[in-house]
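Remarks on the overall topology
Letter by letter, the chains look like this.
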Amino acid sequence: MSDNMSDDSYKSEDSEISEDEENEDLKENKSYSYNIMYYTSNNNKGSSCGYCKGSGCSFKYGSYAINISCQVYQDMIDMGWRRSGKYCYKPILDKSCCPQNTIRLRSLEYKVSKSHKKVLKRMEKYMTKSPDGSELVNKPEFPTVNSPETLVEWFKYAEHYKPFGKQRLRITICKSHVEKPTFNLYKKYQINIHNDDPERIKEEGFKRFLVDTPLIIYNASVI
């Protein structure tokens with residue numbers, strides 16, 4: 001979810017759940033098997049819109065999530081809910097100034113386009129160049145990409161490819177966290193796309209918007 005949520009969405013008195021309360025809930029439910037959410041009422045008052053910058057013209061149902069399973073969240077997505085950090089909400093489209101249209105990418109039905117292939121070719125060219133800019137004479141044959149499966153094979157090949165004794169591509173999967181490069185990219189996006197004031201873009205807001213999550217993290221080794 002990459003909606004530009006207004007700060008007003010978090011200012012409801014009912015939605016302010018302290019960290020102490022949150023930790024207490026989790027202590028009481030050590031199994032982490034419960035879905036814990038708090039309904040937040042906006043008393044039919046609209047909040048400011050992050051798109052058109054209008055005041056009191058964006059309406060939504062809201063819920064502050066402490067702990068929810070991925071399956072419950074998937075069911076919520078299928079019913080039109082979205083998430084910004086731990087705040088879950090469902091836009092009221094017929095009342096809001098800028099109704100959002102959900103665009104869903106079905107990963108299992110993904111088809112590689114010509115533009116995607118061009119990007120891969122540019123990556124191949126980059127990885128077969130030495131630091132001084134010279135290219136390899138005998139270039140490797142990267143896997144041909146024409147399906148999701150072959151795309152995975154391409155990345156596996158590229159990650160282990162070491163043309164000059166050094167790994168040129170590294171892929172990591174990690175839990176969301178705050179780090180300077182990521183925050184700077186977020187800040188640049190907010191300034192250029194949403195015309196946000198640079199002075200108002202703080203790491204605290206970045207963490208609340210994109211890092212904090214109520215989703216239960218399972219250890220794959222015990223499933």
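The shown structure was predicted, so the numbers you read here are calculated from the model rather than taken from an experiment. (Residues numbered from 1 in each chain as written. Predicted model: local features only at pLDDT ≥ 70, side-chain atom pairs only at ≥ 80, totals over all residues. Heavy atoms only, no water.)

In this section: the state of the cysteines. Summed over all chains, the structure comprises zero disulfides. Free cysteine Cys-57: the closest other cysteine sulfur is in Cys-97, separated by 3.2 Å. (Disulfide = S-S within 2.5 Å.)

Outside of glycine, negative phi angles account for most residues, and trans bonds account for most peptide bonds. Positive phi values are uncommon outside glycine, yet Lys-53 reaches one of about 65°. Here Lys-53 is to be found in the loop between β1 (36–40) and β2 (60–67). Phi is positive for Asn-195, which is not a glycine, with a value near 55°. Its place among the elements puts Asn-195 in the loop between α5 (180–194) and α6 (203–211). (Helix = DSSP H or I, 4+ residues; strand = E, 2+ residues; numbered from the N terminus.)

We now examine the side chain of Ser-96. Along the chain, the position of Ser-96 falls in the loop between β4 (87–91) and α3 (114–127). A polar contact of 2.9 Å, which involves the side chain of Ser-96, links it to the backbone nitrogen of Phe-59. For Ser-96, the side chain forms a polar contact with the main-chain oxygen of Ile-92, separated by 3.0 Å. Leaving out residues up to four positions away in the same chain, Ser-96 has contacts with Cys-57, Ser-58 and Phe-59. (Polar contact = N/O pair within 3.5 Å; in protein donor to acceptor, adjacent residues only side chain to side chain. Contact = heavy atoms within 4.5 Å.)

What follows covers the nonpolar core. Of all hydrophobic cores here, the largest spans 10 residues; its members are Val-112, Leu-120, Met-127, Phe-142, Val-145, Leu-151, Trp-154, Ala-158, Tyr-161 and Leu-169. Of all the elements in the fold, those that place two or more residues in this core are α3 and α4 (148–160). Ranked by residue count, the leading element in this core is α4, at three residues. Excluding residues that lie within four positions of it along the chain, Val-145 makes contacts with Val-112, Lys-117, Leu-120, Thr-150, Leu-151 and Trp-154. Of all hydrophobic cores here, the second largest spans seven residues; its members include Ile-68, Met-76, Cys-88 and Leu-215. (Core = buried A, V, L, I, M, F, W, Y, C linked by side-chain atoms within 4.5 Å. Buried < 20%, exposed > 50% of the residue type's maximum accessible area, 1.4 Å probe, protein only.)

Each regular strand carries side chains that alternate between the two faces of the sheet. Within β4, four of the five residues are buried, which leaves the element mostly enclosed by the surrounding structure. Where β2 meets β4, five bridges bridge the pair, whose relative direction is antiparallel. Of the residues in β4, the one forming a bridge with Tyr-64 is Tyr-87. Count of turn residues in the strand β3 (residues 82–84)/β4 antiparallel hairpin: two residues, of which Gly-85 carries a positive phi of about 65°. (Pairing = 2+ DSSP bridges.)

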